Amino acid sequence: MHISLRQLRVFEAVAQNHSYTRAAEELHLSQPAVSMQVKQLEDEVGLPLFERLGKKVVPTEAGRELYHYSRAINRSLAELEDVMESLKGINRGSLRLAVASTVNYFAPRLLAVFQQRHPGIGLRLDVTNREMLVQMLDSNSVDLVLMGVPPKNVDVEAEAFMDNPLVVVAPPDHPLANERNILTKRLSDEVFVMREEGSGTRKAMERFFAERGVEIRHGMQMTRNEAVKQAVRSGLGLSVVSLHTIELELETRRLVILDVEGFPDRRQWYLVYRRGKRLSPAASAFRDFVRAEAARIAAPIAVG
Ligand code: PGA
């Protein structure tokens, strides 16, 4: 069989997304290019690999078998890359780092210091949502991940390295802005601007209110911290955000932190990697650097 790694990559993307269109978007290819690769693979294998169930594209039995082997091949390739990386040593290696969107408020600061110390290391930073981070860990396509909620369904090492306090933010002219010791239940009268499903911040916020039996009113939903902050500034509601995201707004008094009982909600940031992964010298150096110095370099200003 003449199967190329590229065909396997396209095949996996279709299987994971259950859609040719979404696979094409993920791979930055056109939809016909994706269909063509799958068609060639089917010709090579001599069996259909996908069937349609309603709108979903699902693998046939042959497709499921191929998926299993394709994943094993890609894992082995990633491992091979790890081995080669570890032979390169710290001055020539590369580091693939992936972070949750909120982490991106401080990740560049960490990388700047790290890069100064190790100018020979090639750095790649992906900023993405939690679901993708978990997928990247699972497929071993990343060295280290910085995130708020380590996955339970992938075997990983997770070490907390810095506080991530969540606070309630409001525009400065909000009626609650000057009140002290606001009872949590008073927030049930307020509308909240929400992050998207899958955001760690949103998960934590929902858990906080659920644990206290407080039902909040959901307002608009936004996929970016920047959009949430703009919405709060424009009076569309309150929100709960990581303190890391609002340094500038606090300095310029465009947003204020409300003094609500139970806040700041103290969370942690975690450094996560696959258990048993052979970390390259570059990745080990970054792990040690984060353990020892991230909090000093990037801790948010203290509140509460
Ligand atoms: P997020 O941040 O809300 O940008 O996903 C991750 C987290 O806080 O767990």
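Residues numbered from 1 in each chain as written. Predicted model: local features only at pLDDT ≥ 70, side-chain atom pairs only at ≥ 80, totals over all residues. Heavy atoms only, no water.

The chain is annotated in an unreviewed UniProt entry as LysR family transcriptional regulator from Thiorhodococcus mannitoliphagus. The UniProt entry for the chain carries the following text under Sequence similarities (unreviewed entry): "Belongs to the LysR transcriptional regulatory family." (UniProt positions renumbered as here; feature names shortened; annotations may be inferred.)

### Points about the pattern of salt bridges
Evaluated as defined, the whole model comprises 22 salt bridges. A salt bridge links D138 to R75, with the nearest nitrogen and oxygen atoms 3.5 Å apart. Highlighted residues: D138 in helix α6 (residues 130–138) and R75 in helix α4 (residues 61–88), separated in sequence by 63 residues. Taking the relative accessible area as the measure of exposure, D138 reaches 25% and is therefore partly exposed. D259 is paired through a salt bridge with R180; the nearest N and O atoms lie 3.9 Å apart. Residue D259 is found in the loop between β10 (256–257) and β11 (265–274), and its partner R180 is found in the loop between β6 (156–170) and β7 (191–195); the two are separated by 79 residues along the sequence. In this structure D259 comes out as partly exposed when scored by relative accessible area, which is 27%. Put simply, E81, R96, D143 and K277 are held in one network by salt bridges that share partners. (Salt bridge = Lys/Arg side-chain N within 4 Å of Asp/Glu carboxyl O. Helix = DSSP H or I, 4+ residues; strand = E, 2+ residues; numbered from the N terminus. Buried < 20%, exposed > 50% of the residue type's maximum accessible area, 1.4 Å probe, protein only.)

### Details of the domain arrangement of the chain
Partitioning the chain into domains gives domain 1 (5–68), domain 2 (91–162 + 268–298) and domain 3 (164–266). For domain 1 and domain 3, the distance between their C-alpha centres works out to 42 Å. (Domains from an automatic or database assignment.)

### Here we look at a nonpolar patch on the surface
A cluster of nonpolar side chains, namely L5, Y69, I73, L77, L80, M84 and L87, defines an oily patch on the protein surface of about 660 Å² accessible area. At 6 residues, the largest contribution of residues to the nonpolar patch is made by α4. Note that L5 resides in helix α1 (residues 5–17). For L5, a relative accessible area of 39% corresponds to the partly exposed category. (Patch = residues over 30% accessible without salt bridge, like charges linked within 9 Å, V, L, I, M, F, W, Y side chains within 5 Å. Areas by Shrake-Rupley, 256 points an atom, 1.4 Å probe, with all protein chains shown as cover.)

### Some details on the packing of aromatic side chains
Throughout the structure, instances matching the rule amount to 11 aromatic pairs. Pairing F11 with F50 gives two aromatic rings, centres 5.3 Å apart and planes at 40 degrees, and the pair type is tilted. One end of the pair, F11, is in helix α1; the other, F50, is in strand β1 (residues 50–53), with 39 residues separating them in the sequence. Classification of F11 as buried rests on a relative accessible area of 0%. Taken together, the ring pairs in this structure connect F192, F208, F209 and F263 into an aromatic cluster. (Phe/Tyr/Trp six-rings, centres within 6.5 Å; stacked < 30°, edge-to-face > 60°.)

### Notes on the site of the ligand
Contacts to the ligand come from A100, S101, T102, G148, V149, N164, R195, S199, G200, T201, R267 and W269. A distance of 2.7 Å separates an oxygen atom of the ligand from a polar side-chain atom of T102. Residue S199 places a side-chain N or O atom 2.8 Å away from an oxygen atom belonging to the ligand. In isolation the ligand exposes 280 Å². Once the protein is present, 97% of that is buried. Broken down by secondary-structure element, the contributors of at least two residues to the shell around the ligand are α7 (200–211) and β11. Counted by class, the shell around the ligand contains 3 nonpolar, 7 polar and 2 charged residues. (Near = heavy atom within 4 Å. Polar contact = N/O pair within 3.5 Å; in protein donor to acceptor, adjacent residues only side chain to side chain. Nonpolar A, V, L, I, M, F, W, Y, C, P; charged D, E, K, R; others polar.)

### What to know about the UniProt feature "domain: HTH lysR-type" (unreviewed entry) in the chain
Within the UniProt annotation, "domain: HTH lysR-type" (unreviewed entry) is assigned to residues 3–60. Counted over residues 3–60, helix gives 62% and strand 14%. Its end C-alpha atoms are 18 Å apart.

### Things to note about α1
Compared with the 18 Å implied by 1.5 Å per residue over 13 residues, the 18 Å span of α1 between its first and last C-alpha is a close match. Buried within α1 are the following residues: Q7, L8, V10, F11, E12, A13, V14, A15 and N17. In this structure, the buried residues of α1 make contact with α2 (20–27), α3 (31–45), β1, β2 (56–59) and α4. (Expected span 1.5 Å × (residues − 1). Contact = heavy atoms within 4.5 Å.)

### Things to note about helix α8 (residues 225–233)
Within α8 the residues assigned to the buried category are N225, V228, K229, A231 and V232. For α8, the angular spread of the buried residues around the axis is 160 degrees, confining them to a single face. Contact partners of the buried residues in α8: β6, β7, β8 (217–222), β9 (239–242) and α9 (247–251). One or two positions beyond α8, positive phi appears at G235, with a value near 85 degrees. (Arc of directions from axis to C-beta.)

### What about the packing of helix α5 (residues 107–117) against helix α10 (residues 281–298)?
Contact geometry of α5 with α10 gives a least axis separation of 10 Å together with a crossing angle of 125 degrees. The angle between α5 and α10 places the two elements in the oblique class. Between α5 and α10 lies a crossing of right-handed hand. Note on element contacts: α10 touches α5 through A282, A285, F286, F289, E293, A294, R296, I297 and A298, opposite R109, L110, L111, V113, F114 and R117. Class assignment of the residues belonging to the contact of α5 with α10 gives a composition of 11 nonpolar, no polar and 4 charged. (Axes fitted to C-alpha atoms, helices over the stretch in contact; angles between N-to-C directions. Parallel < 35°, antiparallel > 145°, perpendicular 65-115°, else oblique. Left-handed = near helix turned anticlockwise from the far one by under 90°.)

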